[in-house]
Amino acid sequence: MGFRENLKNELEYQDIKVKELAAKTGINRKTLDNYLTKSANDPSVTNAVKIARVLNVSVEYLVTGTTFTIGQPQPSTSQEDITELTLKFKQLPHAYRKIALDLINSLLKIQT
């Protein structure tokens, strides 16, 4: 995934609207909307840093979907997994959410 997809996912995960991100970053709303369209260019470094700071993620995560450690890129599995699980969990009907949580709790008991 690229910047556009990672930004969309992060905004949805954090339940932040583009208007709110614009207010917090000082970046024009139309500019942010452009970053979220298929034909958009990636933001300037300055804007990417502003967005990352507000969302409390790294610029590397927004651009690549991974975080980097000195020497080697490492997948940001925890953040990616949390984002993916949250998005999918929100799509479940309420009754299925309890089943999913029960399953996770059961798996955690087996692991320990």
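In this text the structure is predicted, and so the values were computed from the model without any measurement.

Draft legend 1. Broad picture of the overall build of the chain. What the chain contains, in helices and strands, is 7 helices and 2 strands. Counting from the amino terminus, helix and strand elements in the chain follow one another as α-α-α-α-α-β-β-α-α. Taking the intrachain contacts of the chain between residues at least 6 apart in sequence as the baseline, contacts between residues at least 24 apart amount to 49%. Carbon and sulfur atoms form 56% of the exposed surface of the chain, whose accessible area is close to 7,900 Å².

Draft legend 2. Highlighting a nonpolar patch on the surface. On the surface, L101, I104 and L108 cluster together to form a nonpolar patch covering roughly 260 Å² of accessible area. Residue position: L108 is located in helix α7 (residues 94–111). On the basis of relative accessible area, L108 is assigned to the partly exposed category, the value being 45%.

Draft legend 3. Fine view of unusual backbone geometry. Even without being a glycine, D15 presents a positive backbone phi close to 55°. Look at D15 and you get exposed, because its relative accessible area is 52%. In this model, N56 sits at a positive phi of 60°, which is unusual for a non-glycine residue. Inspection of the secondary structure puts N56 in the loop between α4 (45–55) and α5 (59–64). Residue classification places N56 among the exposed residues on the basis of a relative accessible area of 70%.

Basis of the calculations
Residues numbered from 1 in each chain as written. Predicted model: local features only at pLDDT ≥ 70, side-chain atom pairs only at ≥ 80, totals over all residues. Heavy atoms only, no water. Helix = DSSP H or I, 4+ residues; strand = E, 2+ residues; numbered from the N terminus. Contact = heavy atoms within 4.5 Å. Areas by Shrake-Rupley, 256 points an atom, 1.4 Å probe, with all protein chains shown as cover. Patch = residues over 30% accessible without salt bridge, like charges linked within 9 Å, V, L, I, M, F, W, Y side chains within 5 Å. Salt bridge = Lys/Arg side-chain N within 4 Å of Asp/Glu carboxyl O. Buried < 20%, exposed > 50% of the residue type's maximum accessible area, 1.4 Å probe, protein only.

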